[in-house]
Each structure stands twice: as C-alpha cells, then as structure tokens.
Amino acid sequence: MKEPNDVIIRSVSKVAVVIILTFAINLFISGHHYPGGGFIGGLAFASALILLFLAFDIETVRKNIPVDFKILAAVGVLISVATGVGSLAFDAPFLSQVFGYFNLPIFGKTELATAVLFDIGVALAVIGTSITIILSIGDDR
C-alpha cells in the first residue's frame, strides 16, 4: 500500500508544536500571578503532543517519546498530594504555601514559591491523564 504524502502537515505541525509548547510554558510560569498555571499549561502541553499524534502516527511518536503517561499522571498526583502533606509537617494547614525572594545569578531577585511544586504535579497529572485518554480512544479503532 502506498504511503500518503503528508509533507505539508508534518512540516507545519513541527513549527506549530514549538509555538504551542512555548505558549504552554508561558501559561505555566505566569500562572502564579496571572491567569494560567499547572492545569491550563498541562492542557496546552498535551495539545502539542496530540498534534504530533495526528500529524505522525501514534507508534512513531511513542517510539520517540518513550513515556508511560499513566505513570506520569500518577507521579503528578503524588507530587501534588506531597506538597499538601508537606505543609502538615510544619504544623500549617493542608496546601499552605511558603514563598520568598532570592537573588539568583542570572535572573536577579526572583520570587520562589512552594505553590510551583503543586503546579508541576497538576501539570504532570493533566498531561498524563489527557494523553492516556486520547491514546485509549485512538487504540479502540
């Protein structure tokens, strides 16, 4: 059987994936002070992966990105719960956050917060869950 000529869709999707991933990182980073954060950043990241699954076949993407997305979702949930339980260890309410300002060599005075750890867990859980759902739907055909 002859392979379809998908040069245009694959070339455009490579550029679009870079743009979407850049936007996803921006959404994730700006989420502490502006709308965004782990959930929407994770959804944007997952949409870039889904575009790769559509432009290329699922097995090609799975071969090049060897991640078990079920484990990724579980690790994300574990990180999110651990940040909440971590505050209990310091006799603070569940999911309390701590932040401070630090002078970093390249960035200068930068705010670092424990809420970022929670957002990382949420992002990983959203990416893992949404890609697992999409792959299970794609495998059913």
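Here the structure is shown first, and the text comes after it.
The structure displayed is predicted, hence computed values, not measured ones.

A. Structural detail: the pairing of strand β1 (residues 99–104). Judged from the six bridges that link them, β1 and strand β2 (residues 108–113) form a sheet pairing that is antiparallel. Looking at the pairing, F99 lines up with A113 of β2. Linkage of β1 to β2, two consecutive antiparallel strands, is achieved through a turn of three residues.

B. Geometry of the environment of S13. As for its position among the elements, S13 is in helix α1 (residues 7–30). According to the relative accessible area criterion, S13 is buried, its value standing at 2%. For S13, the residues in contact, after removing those within four places along its chain, are L51, A55 and F56.

C. Spotlight on the packing of helix α4 (residues 69–89) against helix α5 (residues 115–139). Two elements in contact, α4 and α5, have axes separated by 7 Å at closest approach and are oriented at 155°. Judged on the interaxial angle alone, α5 and α4 are roughly antiparallel. As α4 runs across α5, the sense of the crossing is left-handed. Where α4 approaches α5, its residues F69, K70, L72, A73, G76, V77, I79, S80 and T83 are matched on the opposing element by L117, F118, G121, V122, L124, A125, I127, G128, T129, I131, T132 and L135. In the contact of α4 with α5, the residues fall into 13 nonpolar, seven polar and one charged.

D. Looking closely at the side chain of S80. Inspection of the secondary structure puts S80 in helix α4. For S80, a relative accessible area of 10% puts it in the buried group. A distance of 3.2 Å separates a polar atom in the side chain of S80 from the backbone nitrogen of V122.

E. Region of interest: the packing of helix α2 (residues 38–55) against α5. Two numbers describe how α2 lies on α5: the axes approach to 8 Å, and their chain directions differ by 35°. Considering how the two elements wind past one another, α2 and α5 form a crossing that is right-handed. Here G38, F39, G42, L43, F45, A46, L49, I50 and F53 of α2 come into contact with α5, specifically with D119, V122, A123, V126, I127, S130, I131, I134 and L135.

F. Up close: unusual backbone geometry. Its identity is not glycine, yet D91 carries a phi of approximately 60°, on the positive side. Positionally, D91 belongs in the loop between α4 and β1. When its relative accessible area of 76% is taken as the criterion, D91 is described as exposed. Positive phi, close to 65°, is recorded for L95, a residue that is not glycine. The exposure class assigned to L95 is partly exposed, which follows from its relative accessible area of 41%.

G. Region of the structure containing the packing of aromatic side chains. Applying the stated rule across the entire model yields one aromatic pair. Summarising the aromatic geometry, the rings of F99 and Y101 are spaced 6.4 Å apart at their centres and angled 90° between planes, so their arrangement reads as edge-to-face. When the ring centre of Y101 is taken as reference, the NZ or CZ atom of K109 above it lies at 5.2 Å.

H. Expanded view of the nonpolar core. Ranked by internal contacts, the top residues of the largest apolar core, which has 15 residues, are L49, L52, F53, F69, I127, I131 and L135. For this core, the secondary structure elements donating two or more residues are α2, α3 (58–64), α4 and α5. Looking at this core, the element that brings in the most residues is α2, giving six residues.

Thresholds, definitions, all that
Residues numbered from 1 in each chain as written. Predicted model: local features only at pLDDT ≥ 70, side-chain atom pairs only at ≥ 80, totals over all residues. Heavy atoms only, no water. Pairing = 2+ DSSP bridges. Helix = DSSP H or I, 4+ residues; strand = E, 2+ residues; numbered from the N terminus. Buried < 20%, exposed > 50% of the residue type's maximum accessible area, 1.4 Å probe, protein only. Contact = heavy atoms within 4.5 Å. Axes fitted to C-alpha atoms, helices over the stretch in contact; angles between N-to-C directions. Parallel < 35°, antiparallel > 145°, perpendicular 65-115°, else oblique. Left-handed = near helix turned anticlockwise from the far one by under 90°. Nonpolar A, V, L, I, M, F, W, Y, C, P; charged D, E, K, R; others polar. Polar contact = N/O pair within 3.5 Å; in protein donor to acceptor, adjacent residues only side chain to side chain. Phe/Tyr/Trp six-rings, centres within 6.5 Å; stacked < 30°, edge-to-face > 60°. Lys NZ or Arg CZ within 6 Å of the ring centre and 35° of its normal. Core = buried A, V, L, I, M, F, W, Y, C linked by side-chain atoms within 4.5 Å.

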